[in-house]
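This is what each chain is made of:
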There are 2 protein chains.
Amino acid sequence: MSKPEVPDFLRNVRVVLARPSHPGNIGAAARAMKTMGVTRLYLVEPKRFPDAEATTLASGAADVLENAVVTGTLDAALEGVSIACALTSRKRELTTPLAAPRDACAELLAAARDGVEVALVFGNETYGLSIDEVARCNRLVTIAGNPDYFSLNLGQAVQVMCYELFSQLAFPLDHLRADAELASHEEVEGFYGHLDRVLDGIGFYDRRNGERLMRRLRTLYDRASLERQEIDILRGMLKQIERRCGPDPYRHD
Amino acid sequence: MSKPEVPDFLRNVRVVLARPSHPGNIGAAARAMKTMGVTRLYLVEPKRFPDAEATTLASGAADVLENAVVTGTLDAALEGVSIACALTSRKRELTTPLAAPRDACAELLAAARDGVEVALVFGNETYGLSIDEVARCNRLVTIAGNPDYFSLNLGQAVQVMCYELFSQLAFPLDHLRADAELASHEEVEGFYGHLDRVLDGIGFYDRRNGERLMRRLRTLYDRASLERQEIDILRGMLKQIERRCGPDPYRHD
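All residue numbers refer to positions counted from 1 along the written sequence of the respective chain. Lettering of chains starts at A and numbering of ligands starts at 1, both following the order in which they are written. A pLDDT threshold of at least 70 governs which residues receive local features in this predicted model, and a stricter bar of 80 or more applies before side-chain atom pairs are shown or counted, although totals over entire chains, interfaces and linings include all residues. Water and hydrogen atoms were dropped before computing side-chain values, which therefore reflect all heavy atoms in the structure.

To keep it simple, the criterion reads: UniProt positions are given in the numbering used here, feature names are shortened, and annotations may be inferred rather than shown by experiment.
As annotated in an unreviewed UniProt entry, chain A carries the name tRNA (cytidine/uridine-2'-O-)-methyltransferase TrmJ and comes from Microvirgula aerodenitrificans. In its Subunit (unreviewed entry) section, the UniProt record describing chain A reads: "Homodimer." According to UniProt, the comment filed for chain A under the heading Sequence similarities (unreviewed entry) is "Belongs to the class IV-like SAM-binding methyltransferase superfamily. RNA methyltransferase TrmH family."

Shown next, in the form of C-alpha coordinates:
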(Lines give C-alpha, C1' and ligand atoms only; values in the text may rest on other atoms or scores of the structure.)
Protein backbone atom coordinates (compact mmCIF):
# COMPACT_ATOMS: atom_id res chain seq x y z
CA MET A 1 0.00 0.00 0.00
CA SER A 2 1.60 3.27 -1.09
CA LYS A 3 1.73 6.31 1.16
CA PRO A 4 -1.14 8.78 0.74
CA GLU A 5 -0.37 12.43 -0.05
CA VAL A 6 -1.13 15.50 2.02
CA PRO A 7 -3.78 17.45 0.04
CA ASP A 8 -2.58 20.58 -1.76
CA PHE A 9 -5.27 22.80 -0.32
CA LEU A 10 -3.54 22.82 3.07
CA ARG A 11 -1.39 25.47 1.33
CA ASN A 12 -4.34 27.80 1.92
CA VAL A 13 -3.91 27.48 5.68
CA ARG A 14 -1.41 29.77 7.39
CA VAL A 15 -0.30 29.86 11.01
CA VAL A 16 0.32 33.36 12.34
CA LEU A 17 2.33 33.89 15.53
CA ALA A 18 1.84 37.41 16.86
CA ARG A 19 4.85 38.86 18.74
CA PRO A 20 6.41 35.54 19.81
CA SER A 21 9.09 36.05 22.51
CA HIS A 22 10.93 32.73 22.49
CA PRO A 23 12.68 31.42 19.37
CA GLY A 24 12.31 27.88 20.73
CA ASN A 25 8.54 28.20 20.45
CA ILE A 26 8.80 29.31 16.84
CA GLY A 27 10.82 26.19 16.11
CA ALA A 28 8.41 23.92 18.01
CA ALA A 29 5.48 25.48 16.13
CA ALA A 30 7.19 24.83 12.78
CA ARG A 31 7.73 21.19 13.71
CA ALA A 32 4.15 20.78 14.93
CA MET A 33 2.85 22.35 11.71
CA LYS A 34 4.89 20.27 9.31
CA THR A 35 4.03 17.04 11.14
CA MET A 36 0.41 17.83 10.32
CA GLY A 37 1.04 18.95 6.75
CA VAL A 38 0.75 22.71 7.38
CA THR A 39 3.71 24.68 6.02
CA ARG A 40 2.95 28.41 5.81
CA LEU A 41 4.21 30.30 8.84
CA TYR A 42 3.82 34.06 9.39
CA LEU A 43 5.63 35.84 12.20
CA VAL A 44 4.46 39.27 13.35
CA GLU A 45 7.29 41.19 15.04
CA PRO A 46 9.15 38.18 16.44
CA LYS A 47 11.53 39.17 19.21
CA ARG A 48 14.38 37.11 17.72
CA PHE A 49 14.26 35.60 14.25
CA PRO A 50 15.99 33.89 12.58
CA ASP A 51 17.65 32.25 15.55
CA ALA A 52 19.69 29.10 16.15
CA GLU A 53 17.36 27.91 18.94
CA ALA A 54 14.35 28.07 16.60
CA THR A 55 16.22 26.03 13.99
CA THR A 56 17.25 23.41 16.58
CA LEU A 57 13.70 22.95 17.87
CA ALA A 58 12.27 22.85 14.36
CA SER A 59 14.23 19.62 13.85
CA GLY A 60 13.44 18.49 10.30
CA ALA A 61 11.10 21.42 9.71
CA ALA A 62 13.80 24.00 9.00
CA ASP A 63 12.21 24.59 5.58
CA VAL A 64 9.09 25.94 7.28
CA LEU A 65 11.28 28.49 9.10
CA GLU A 66 13.21 29.38 5.94
CA ASN A 67 9.97 30.10 4.09
CA ALA A 68 8.40 31.94 7.03
CA VAL A 69 7.11 35.45 6.28
CA VAL A 70 8.05 38.11 8.83
CA THR A 71 5.74 41.13 9.01
CA GLY A 72 5.55 44.30 11.06
CA THR A 73 1.80 44.16 11.65
CA LEU A 74 -0.93 41.56 12.03
CA ASP A 75 -2.78 43.19 9.11
CA ALA A 76 0.16 42.43 6.82
CA ALA A 77 0.22 38.80 8.00
CA LEU A 78 -3.50 38.49 7.26
CA GLU A 79 -3.32 39.91 3.74
CA GLY A 80 -5.49 37.82 1.44
CA VAL A 81 -7.06 35.91 4.35
CA SER A 82 -10.85 35.61 4.54
CA ILE A 83 -11.24 33.61 7.74
CA ALA A 84 -8.89 34.40 10.62
CA CYS A 85 -9.33 32.43 13.86
CA ALA A 86 -7.98 34.10 16.99
CA LEU A 87 -6.91 31.56 19.60
CA THR A 88 -7.84 32.69 23.09
CA SER A 89 -8.40 31.12 26.49
CA ARG A 90 -9.62 34.25 28.25
CA LYS A 91 -13.10 35.62 28.53
CA ARG A 92 -13.39 38.35 25.91
CA GLU A 93 -15.70 41.33 25.64
CA LEU A 94 -16.27 40.62 21.97
CA THR A 95 -19.44 38.70 21.29
CA THR A 96 -18.04 36.86 18.30
CA PRO A 97 -19.25 33.31 18.92
CA LEU A 98 -16.60 31.24 20.71
CA ALA A 99 -15.94 28.04 18.76
CA ALA A 100 -14.29 24.79 19.81
CA PRO A 101 -11.35 23.66 17.62
CA ARG A 102 -13.44 20.87 16.07
CA ASP A 103 -16.05 23.23 14.63
CA ALA A 104 -13.58 25.95 13.72
CA CYS A 105 -11.34 23.52 11.82
CA ALA A 106 -14.30 22.08 9.94
CA GLU A 107 -15.10 25.57 8.66
CA LEU A 108 -11.45 26.34 7.87
CA LEU A 109 -10.94 23.12 5.93
CA ALA A 110 -14.13 23.57 3.91
CA ALA A 111 -13.02 27.09 3.00
CA ALA A 112 -9.41 26.06 2.23
CA ARG A 113 -10.72 23.28 -0.02
CA ASP A 114 -12.67 25.96 -1.93
CA GLY A 115 -9.49 27.98 -2.45
CA VAL A 116 -10.12 30.48 0.36
CA GLU A 117 -7.11 31.63 2.40
CA VAL A 118 -7.54 31.01 6.13
CA ALA A 119 -5.41 31.64 9.22
CA LEU A 120 -4.90 30.40 12.75
CA VAL A 121 -3.66 33.31 14.84
CA PHE A 122 -1.76 32.73 18.09
CA GLY A 123 -0.74 35.44 20.57
CA ASN A 124 2.36 36.15 22.60
CA GLU A 125 3.41 33.44 25.11
CA THR A 126 2.77 35.61 28.16
CA TYR A 127 0.03 38.02 27.15
CA GLY A 128 -1.87 36.16 24.47
CA LEU A 129 -3.54 38.21 21.77
CA SER A 130 -4.30 41.86 22.49
CA ILE A 131 -7.85 43.21 22.21
CA ASP A 132 -6.82 44.95 19.02
CA GLU A 133 -5.33 41.76 17.54
CA VAL A 134 -8.45 39.75 18.37
CA ALA A 135 -10.64 42.43 16.77
CA ARG A 136 -8.73 42.02 13.50
CA CYS A 137 -9.77 38.34 13.34
CA ASN A 138 -13.31 37.25 12.50
CA ARG A 139 -13.45 34.03 14.48
CA LEU A 140 -12.72 33.27 18.13
CA VAL A 141 -11.51 29.80 19.09
CA THR A 142 -10.71 28.34 22.47
CA ILE A 143 -9.11 25.00 23.32
CA ALA A 144 -11.07 23.74 26.31
CA GLY A 145 -9.23 22.17 29.22
CA ASN A 146 -9.02 21.80 32.99
CA PRO A 147 -10.41 25.08 34.40
CA ASP A 148 -8.20 24.73 37.49
CA TYR A 149 -4.95 24.23 35.60
CA PHE A 150 -4.66 25.30 32.03
CA SER A 151 -1.10 25.38 30.82
CA LEU A 152 -0.87 24.89 27.10
CA ASN A 153 2.28 26.49 25.75
CA LEU A 154 2.50 28.03 22.29
CA GLY A 155 3.99 24.92 20.67
CA GLN A 156 1.34 22.67 22.23
CA ALA A 157 -1.48 24.99 21.14
CA VAL A 158 -0.19 25.01 17.55
CA GLN A 159 0.12 21.20 17.75
CA VAL A 160 -3.44 20.75 18.96
CA MET A 161 -4.93 23.00 16.26
CA CYS A 162 -2.86 21.45 13.44
CA TYR A 163 -3.73 17.96 14.71
CA GLU A 164 -7.40 18.92 14.72
CA LEU A 165 -7.15 20.17 11.12
CA PHE A 166 -5.35 17.08 9.92
CA SER A 167 -7.65 14.68 11.80
CA GLN A 168 -10.57 15.98 9.74
CA LEU A 169 -8.94 15.16 6.40
CA ALA A 170 -10.13 11.56 6.80
CA PHE A 171 -6.59 10.60 5.89
CA PRO A 172 -6.38 6.92 4.95
CA LEU A 173 -4.48 4.72 7.41
CA ASP A 174 -4.32 1.76 5.05
CA HIS A 175 -0.58 2.04 4.55
CA LEU A 176 -0.14 1.41 8.29
CA ARG A 177 -2.63 -1.44 8.49
CA ALA A 178 -1.51 -5.04 8.42
CA ASP A 179 -2.91 -6.99 5.49
CA ALA A 180 -5.62 -9.26 6.80
CA GLU A 181 -8.27 -11.32 5.10
CA LEU A 182 -11.51 -11.84 6.94
CA ALA A 183 -12.72 -15.42 7.00
CA SER A 184 -15.83 -16.27 5.00
CA HIS A 185 -19.09 -17.53 6.47
CA GLU A 186 -18.41 -21.17 5.63
CA GLU A 187 -14.88 -21.01 7.08
CA VAL A 188 -16.21 -19.64 10.37
CA GLU A 189 -19.04 -22.19 10.44
CA GLY A 190 -16.50 -24.92 9.75
CA PHE A 191 -14.56 -23.81 12.80
CA TYR A 192 -17.66 -23.65 15.00
CA GLY A 193 -18.61 -27.17 13.95
CA HIS A 194 -15.08 -28.42 14.67
CA LEU A 195 -15.02 -26.69 18.06
CA ASP A 196 -18.41 -28.15 18.96
CA ARG A 197 -17.30 -31.70 18.11
CA VAL A 198 -14.05 -31.37 20.07
CA LEU A 199 -15.73 -29.91 23.16
CA ASP A 200 -18.30 -32.68 23.02
CA GLY A 201 -15.61 -35.29 22.48
CA ILE A 202 -13.51 -34.25 25.49
CA GLY A 203 -16.57 -34.31 27.70
CA PHE A 204 -16.84 -30.56 28.20
CA TYR A 205 -20.62 -30.71 27.71
CA ASP A 206 -21.26 -33.31 30.43
CA ARG A 207 -23.76 -31.82 32.90
CA ARG A 208 -23.63 -28.53 30.97
CA ASN A 209 -25.94 -26.96 28.40
CA GLY A 210 -23.82 -27.46 25.26
CA GLU A 211 -26.04 -25.42 22.97
CA ARG A 212 -25.98 -22.44 25.28
CA LEU A 213 -22.18 -22.67 25.65
CA MET A 214 -21.71 -22.75 21.89
CA ARG A 215 -23.96 -19.71 21.49
CA ARG A 216 -21.74 -17.81 23.96
CA LEU A 217 -18.57 -18.93 22.18
CA ARG A 218 -20.02 -17.93 18.80
CA THR A 219 -20.78 -14.46 20.18
CA LEU A 220 -17.22 -14.10 21.43
CA TYR A 221 -15.60 -15.09 18.13
CA ASP A 222 -18.08 -13.15 16.03
CA ARG A 223 -17.24 -10.01 17.99
CA ALA A 224 -13.59 -10.48 17.05
CA SER A 225 -14.32 -10.78 13.29
CA LEU A 226 -12.13 -13.82 12.65
CA GLU A 227 -9.50 -13.72 9.95
CA ARG A 228 -8.66 -16.61 7.64
CA GLN A 229 -5.23 -17.16 9.25
CA GLU A 230 -6.78 -17.14 12.73
CA ILE A 231 -9.22 -19.87 11.68
CA ASP A 232 -6.20 -21.94 10.57
CA ILE A 233 -4.52 -21.44 13.95
CA LEU A 234 -7.67 -22.27 15.91
CA ARG A 235 -8.40 -25.39 13.89
CA GLY A 236 -4.76 -26.43 14.29
CA MET A 237 -5.25 -26.21 18.06
CA LEU A 238 -8.40 -28.29 17.85
CA LYS A 239 -6.64 -30.96 15.77
CA GLN A 240 -3.85 -31.15 18.33
CA ILE A 241 -6.39 -31.59 21.14
CA GLU A 242 -8.04 -34.40 19.17
CA ARG A 243 -4.63 -35.99 18.64
CA ARG A 244 -3.70 -35.91 22.36
CA CYS A 245 -7.12 -36.82 23.75
CA GLY A 246 -7.58 -39.84 21.56
CA PRO A 247 -9.96 -40.36 18.68
CA ASP A 248 -13.21 -38.50 18.89
CA PRO A 249 -15.97 -41.15 19.09
CA TYR A 250 -18.49 -38.66 17.71
CA ARG A 251 -16.41 -37.67 14.74
CA HIS A 252 -18.27 -38.02 11.49
CA ASP A 253 -16.50 -35.84 8.95
CA MET B 1 -21.11 32.06 35.09
CA SER B 2 -19.18 29.71 37.40
CA LYS B 3 -16.40 27.45 36.16
CA PRO B 4 -17.44 23.92 35.19
CA GLU B 5 -15.76 20.93 36.86
CA VAL B 6 -13.65 18.23 35.26
CA PRO B 7 -15.71 15.01 35.57
CA ASP B 8 -14.58 12.51 38.20
CA PHE B 9 -14.52 9.57 35.81
CA LEU B 10 -11.34 10.90 34.17
CA ARG B 11 -9.74 9.26 37.24
CA ASN B 12 -10.30 5.97 35.40
CA VAL B 13 -7.93 7.05 32.63
CA ARG B 14 -4.23 6.45 33.11
CA VAL B 15 -1.31 7.46 30.94
CA VAL B 16 1.48 4.87 30.81
CA LEU B 17 4.95 5.82 29.57
CA ALA B 18 7.00 2.73 28.79
CA ARG B 19 10.76 3.11 29.31
CA PRO B 20 10.96 6.91 28.84
CA SER B 21 14.57 8.09 28.39
CA HIS B 22 14.29 11.84 28.96
CA PRO B 23 13.02 13.26 32.26
CA GLY B 24 11.97 16.42 30.39
CA ASN B 25 9.44 14.41 28.42
CA ILE B 26 7.98 12.97 31.61
CA GLY B 27 7.49 16.52 32.88
CA ALA B 28 5.98 17.71 29.59
CA ALA B 29 3.63 14.72 29.61
CA ALA B 30 2.49 15.54 33.16
CA ARG B 31 1.76 19.12 32.16
CA ALA B 32 -0.11 18.06 29.00
CA MET B 33 -2.17 15.59 31.04
CA LYS B 34 -3.16 17.95 33.82
CA THR B 35 -4.11 20.68 31.34
CA MET B 36 -6.67 18.22 29.95
CA GLY B 37 -7.84 16.94 33.36
CA VAL B 38 -5.97 13.62 33.28
CA THR B 39 -3.91 12.99 36.42
CA ARG B 40 -2.87 9.37 36.73
CA LEU B 41 0.62 8.76 35.38
CA TYR B 42 2.38 5.37 35.32
CA LEU B 43 6.06 5.06 34.45
CA VAL B 44 7.51 1.71 33.40
CA GLU B 45 11.26 1.58 34.05
CA PRO B 46 11.96 5.29 33.56
CA LYS B 47 15.66 5.94 32.93
CA ARG B 48 15.75 8.79 35.46
CA PHE B 49 12.93 9.50 37.87
CA PRO B 50 12.33 11.53 39.97
CA ASP B 51 14.47 14.19 38.35
CA ALA B 52 14.77 17.97 38.55
CA GLU B 53 14.32 18.41 34.80
CA ALA B 54 11.00 16.54 34.89
CA THR B 55 9.79 18.75 37.73
CA THR B 56 10.82 21.93 35.87
CA LEU B 57 9.02 20.94 32.69
CA ALA B 58 5.94 19.82 34.60
CA SER B 59 5.47 23.44 35.63
CA GLY B 60 2.33 23.53 37.82
CA ALA B 61 1.74 19.81 37.35
CA ALA B 62 4.30 18.63 39.93
CA ASP B 63 1.46 16.85 41.79
CA VAL B 64 1.00 14.54 38.79
CA LEU B 65 4.69 13.58 39.07
CA GLU B 66 4.50 13.17 42.85
CA ASN B 67 1.58 10.77 42.50
CA ALA B 68 3.10 8.91 39.54
CA VAL B 69 3.37 5.14 39.95
CA VAL B 70 6.70 3.63 38.92
CA THR B 71 6.64 -0.03 37.88
CA GLY B 72 9.18 -2.57 36.65
CA THR B 73 6.93 -4.04 33.95
CA LEU B 74 4.16 -2.94 31.63
CA ASP B 75 1.93 -5.66 33.09
CA ALA B 76 2.21 -4.03 36.51
CA ALA B 77 1.30 -0.64 35.04
CA LEU B 78 -1.76 -2.17 33.38
CA GLU B 79 -3.08 -3.90 36.49
CA GLY B 80 -6.84 -3.42 36.69
CA VAL B 81 -7.03 -2.00 33.16
CA SER B 82 -9.59 -3.42 30.72
CA ILE B 83 -8.86 -1.31 27.64
CA ALA B 84 -5.22 -0.48 26.89
CA CYS B 85 -4.49 1.57 23.75
CA ALA B 86 -0.99 1.21 22.35
CA LEU B 87 0.14 4.34 20.49
CA THR B 88 2.09 3.49 17.38
CA SER B 89 3.02 5.14 14.11
CA ARG B 90 4.67 2.13 12.50
CA LYS B 91 3.13 -0.60 10.46
CA ARG B 92 2.62 -3.55 12.80
CA GLU B 93 2.25 -7.25 12.11
CA LEU B 94 -0.63 -7.45 14.55
CA THR B 95 -4.02 -7.33 12.91
CA THR B 96 -5.69 -5.55 15.82
CA PRO B 97 -7.74 -2.87 14.02
CA LEU B 98 -5.84 0.43 13.85
CA ALA B 99 -8.00 3.21 15.27
CA ALA B 100 -7.74 6.97 14.90
CA PRO B 101 -7.58 8.95 18.17
CA ARG B 102 -11.15 10.21 17.70
CA ASP B 103 -12.67 6.74 17.69
CA ALA B 104 -10.32 5.31 20.31
CA CYS B 105 -11.05 8.15 22.74
CA ALA B 106 -14.81 7.79 22.24
CA GLU B 107 -14.51 4.16 23.35
CA LEU B 108 -12.18 5.00 26.25
CA LEU B 109 -14.46 7.74 27.57
CA ALA B 110 -17.57 5.59 27.35
CA ALA B 111 -15.78 2.85 29.30
CA ALA B 112 -14.30 5.26 31.87
CA ARG B 113 -17.76 6.75 32.42
CA ASP B 114 -18.97 3.20 33.23
CA GLY B 115 -16.24 2.78 35.83
CA VAL B 116 -13.88 0.75 33.64
CA GLU B 117 -10.14 1.44 33.97
CA VAL B 118 -8.51 2.39 30.69
CA ALA B 119 -4.97 3.28 29.61
CA LEU B 120 -3.11 5.19 26.91
CA VAL B 121 0.29 3.51 26.47
CA PHE B 122 3.22 5.41 24.92
CA GLY B 123 6.58 3.88 24.02
CA ASN B 124 10.16 4.99 24.35
CA GLU B 125 11.15 8.23 22.56
CA THR B 126 13.51 6.53 20.12
CA TYR B 127 12.15 3.01 19.68
CA GLY B 128 8.44 3.36 20.38
CA LEU B 129 6.65 0.37 21.86
CA SER B 130 8.23 -3.06 21.42
CA ILE B 131 6.30 -5.88 19.75
CA ASP B 132 5.88 -7.46 23.17
CA GLU B 133 4.55 -4.23 24.69
CA VAL B 134 2.07 -3.73 21.87
CA ALA B 135 0.86 -7.32 22.26
CA ARG B 136 0.02 -6.62 25.92
CA CYS B 137 -2.42 -3.90 24.84
CA ASN B 138 -5.78 -4.68 23.25
CA ARG B 139 -6.16 -1.59 21.08
CA LEU B 140 -3.84 -0.02 18.49
CA VAL B 141 -4.04 3.73 17.91
CA THR B 142 -2.18 5.92 15.47
CA ILE B 143 -2.10 9.69 15.20
CA ALA B 144 -2.21 10.42 11.47
CA GLY B 145 0.02 13.09 10.01
CA ASN B 146 2.23 14.11 7.12
CA PRO B 147 3.61 10.83 5.70
CA ASP B 148 6.77 12.60 4.51
CA TYR B 149 7.60 14.22 7.84
CA PHE B 150 6.16 12.83 11.02
CA SER B 151 7.87 14.17 14.10
CA LEU B 152 5.59 14.13 17.09
CA ASN B 153 7.63 13.94 20.26
CA LEU B 154 6.43 12.12 23.39
CA GLY B 155 5.05 15.27 25.03
CA GLN B 156 3.18 16.30 21.87
CA ALA B 157 1.70 12.82 21.44
CA VAL B 158 0.45 12.81 25.05
CA GLN B 159 -0.94 16.32 24.46
CA VAL B 160 -2.81 15.30 21.33
CA MET B 161 -4.38 12.23 22.96
CA CYS B 162 -5.36 14.06 26.15
CA TYR B 163 -6.78 16.94 24.08
CA GLU B 164 -8.78 14.44 22.06
CA LEU B 165 -10.17 12.87 25.24
CA PHE B 166 -11.09 16.22 26.76
CA SER B 167 -12.59 17.57 23.54
CA GLN B 168 -15.18 14.79 23.64
CA LEU B 169 -16.42 15.71 27.11
CA ALA B 170 -18.63 18.41 25.53
CA PHE B 171 -17.24 20.68 28.20
CA PRO B 172 -19.30 23.86 28.47
CA LEU B 173 -17.56 27.03 27.31
CA ASP B 174 -20.21 29.32 28.78
CA HIS B 175 -17.87 30.68 31.44
CA LEU B 176 -15.67 32.03 28.64
CA ARG B 177 -18.49 33.43 26.55
CA ALA B 178 -19.42 37.06 26.70
CA ASP B 179 -22.96 37.65 27.89
CA ALA B 180 -25.03 38.61 24.89
CA GLU B 181 -28.75 38.94 24.31
CA LEU B 182 -30.02 38.21 20.85
CA ALA B 183 -32.42 40.82 19.49
CA SER B 184 -36.06 39.83 19.01
CA HIS B 185 -37.90 39.69 15.71
CA GLU B 186 -39.59 43.07 16.18
CA GLU B 187 -36.33 44.74 17.21
CA VAL B 188 -34.60 43.47 14.08
CA GLU B 189 -37.57 44.46 11.90
CA GLY B 190 -37.57 47.91 13.53
CA PHE B 191 -33.93 48.30 12.50
CA TYR B 192 -34.59 47.13 8.93
CA GLY B 193 -37.45 49.62 8.62
CA HIS B 194 -35.25 52.41 9.97
CA LEU B 195 -32.38 51.49 7.63
CA ASP B 196 -34.74 51.41 4.65
CA ARG B 197 -36.13 54.89 5.41
CA VAL B 198 -32.66 56.37 5.89
CA LEU B 199 -31.25 54.85 2.69
CA ASP B 200 -34.27 56.08 0.81
CA GLY B 201 -33.96 59.50 2.45
CA ILE B 202 -30.33 60.03 1.52
CA GLY B 203 -31.02 59.07 -2.06
CA PHE B 204 -29.21 55.73 -1.99
CA TYR B 205 -32.06 54.08 -3.92
CA ASP B 206 -32.01 56.51 -6.86
CA ARG B 207 -31.45 54.52 -10.04
CA ARG B 208 -31.06 51.36 -7.92
CA ASN B 209 -33.45 48.53 -7.06
CA GLY B 210 -34.19 49.40 -3.42
CA GLU B 211 -36.12 46.24 -2.64
CA ARG B 212 -33.33 44.04 -3.91
CA LEU B 213 -30.72 46.00 -1.97
CA MET B 214 -32.72 45.65 1.24
CA ARG B 215 -33.07 41.92 0.70
CA ARG B 216 -29.26 41.65 0.41
CA LEU B 217 -28.75 43.76 3.52
CA ARG B 218 -31.27 41.68 5.48
CA THR B 219 -29.38 38.51 4.48
CA LEU B 220 -26.12 40.00 5.70
CA TYR B 221 -27.48 41.06 9.10
CA ASP B 222 -29.50 37.88 9.57
CA ARG B 223 -26.35 35.85 9.05
CA ALA B 224 -24.70 37.75 11.89
CA SER B 225 -27.57 37.06 14.36
CA LEU B 226 -27.91 40.60 15.68
CA GLU B 227 -27.74 41.27 19.38
CA ARG B 228 -29.89 43.81 21.22
CA GLN B 229 -26.91 46.08 21.94
CA GLU B 230 -25.83 45.96 18.30
CA ILE B 231 -29.31 47.08 17.21
CA ASP B 232 -28.92 50.07 19.56
CA ILE B 233 -25.56 50.94 18.01
CA LEU B 234 -26.84 50.57 14.43
CA ARG B 235 -29.96 52.66 15.08
CA GLY B 236 -27.79 55.25 16.80
CA MET B 237 -25.73 55.45 13.61
CA LEU B 238 -28.88 55.85 11.52
CA LYS B 239 -30.18 58.63 13.78
CA GLN B 240 -26.88 60.46 13.44
CA ILE B 241 -27.05 60.17 9.64
CA GLU B 242 -30.60 61.57 9.74
CA ARG B 243 -29.40 64.41 11.95
CA ARG B 244 -26.53 65.36 9.64
CA CYS B 245 -28.34 64.86 6.34
CA GLY B 246 -31.34 66.92 7.31
CA PRO B 247 -34.87 65.80 8.12
CA ASP B 248 -36.03 62.71 6.34
CA PRO B 249 -38.94 63.78 4.12
CA TYR B 250 -40.32 60.23 4.08
CA ARG B 251 -40.27 59.81 7.81
CA HIS B 252 -43.61 58.75 9.18
CA ASP B 253 -42.97 57.21 12.58
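### A look at the packing of aromatic side chains
A ring pair, where both rings are aromatic, is described by two values, the distance of the centres and the angle of the planes. The cut-off we apply is this: Here is the rule: rings of Phe, Tyr and Trp (six-membered ring for Trp) pair when centre to centre is within 6.5 Å. Planes less than 30 degrees apart are stacked, more than 60 are edge-to-face, and the remainder are tilted. Think of it this way: any DSSP run of H or I at least four residues long counts as a helix, any run of E at least two long counts as a strand, and we number them from the N terminus. A simple rule labels every residue: compare its accessible area, found with a 1.4 Å probe on the protein chains alone, to the largest value its type can have, and call it buried under 20%, exposed over 50%, or partly exposed in between. Charge over a ring is defined by NZ of Lys or CZ of Arg lying within 6 Å of the ring centre and within 35 degrees of the ring normal.
Considering all chains together, one arrives at nine aromatic pairs over all chains under this definition. A ring pair is formed by Tyr163 of chain A and Tyr163 of chain B, whose centres lie 6.1 Å apart and whose planes are at 85°; its orientation type is edge-to-face. Note that Tyr163 of chain A is positioned in helix α7 (residues 154-167) and Tyr163 of chain B in helix α7 (residues 154-167), a pairing that runs across two chains. The exposure class of Tyr163 of chain A is buried, given its relative accessible area of 2%. Plain terms: the ring middles of Phe191 of chain A and Tyr221 of chain A are 5.1 Å apart, the flat faces sit at 90° to each other, and that makes the pair edge-to-face. Of the two residues, Phe191 of chain A sits in helix α8 (residues 185-201) while Tyr221 of chain A sits in helix α9 (residues 210-224), which places them 30 residues apart along the sequence. Chaining the aromatic ring pairs together yields one cluster made of Phe191, Tyr192 and Tyr221 of chain A. Positioned above the aromatic ring of Tyr149 of chain B, the side-chain terminus of Lys34 of chain A is 4.6 Å from the ring centre.

### Digging into helix α8 (residues 185-201) of chain B
Residue and element names in this part refer to chain B. Defined as follows: Helix span, expected: 1.5 Å multiplied by one less than the number of residues in the helix. Residues are treated as being in contact if the distance between any of their heavy atoms lies within 4.5 Å.
In this model α8 runs 24 Å from its N-terminal to its C-terminal C-alpha over 17 residues, within 8% of the 24 Å that 1.5 Å per residue would give. Along α8, the residues classified as buried are Val188, Phe191, Tyr192, His194, Leu195, Arg197, Val198 and Leu199. Considering only its buried residues, α8 is in contact with α9 (210-223) and α10 (228-244). Note on α8: the residue one or two positions beyond its end, Gly203, has a positive phi of about 80°.

### Comments concerning the packing of α8 of chain B against α10 of chain B
All names here are of chain B. Using the following cut-off: Orientation is described by axes fitted as lines to C-alpha atoms, over the contacting stretch for helices, and by angles from 0 to 180 degrees between their N-to-C directions. The labels follow the angle: roughly parallel below 35 degrees, roughly antiparallel above 145, roughly perpendicular from 65 to 115, and oblique for the rest. Working rule for handedness: look at the near helix, and if it is turned counterclockwise from the far one by less than a right angle, call the crossing left-handed; if clockwise, right-handed.
Remark: α8 packs on α10, axes separated minimally by 10 Å, with the N-to-C direction vectors making an angle of 20°. On the basis of the axis angle, α8 is roughly parallel to α10. Here α8 runs over α10; the crossing is left-handed. Side by side, α8 and α10 meet where Glu187, Val188, Gly190, Phe191, His194, Leu195, Arg197 and Val198 of the first sit next to Arg228, Ile231, Leu234, Arg235, Leu238, Lys239, Ile241 and Glu242 of the second.

### Notes on the sheet that holds strand β2 (residues 40-44) of chain B
All names here are of chain B. Quick note on the threshold: Here, a strand pair is defined by DSSP locating no fewer than two bridges between the strands.
Taken in spatial order, the seven strands line up as β3-β2-β1-β6-β4-β7-β5 in an open sheet, and their pairing is parallel. Here the strands that pair on one side only, and so sit at the sheet edges, are β3 (69-71) and β5 (98-99). Across the face of the sheet, helix α1 (residues 23-35) comes into contact with β1 (13-18) and β2 while running at roughly 160° to β2. Each of β1, β4 (83-87), β6 (118-122) and β7 (139-141) is contacted by α7, which is oriented at about 155° to β6, the strand it contacts most.

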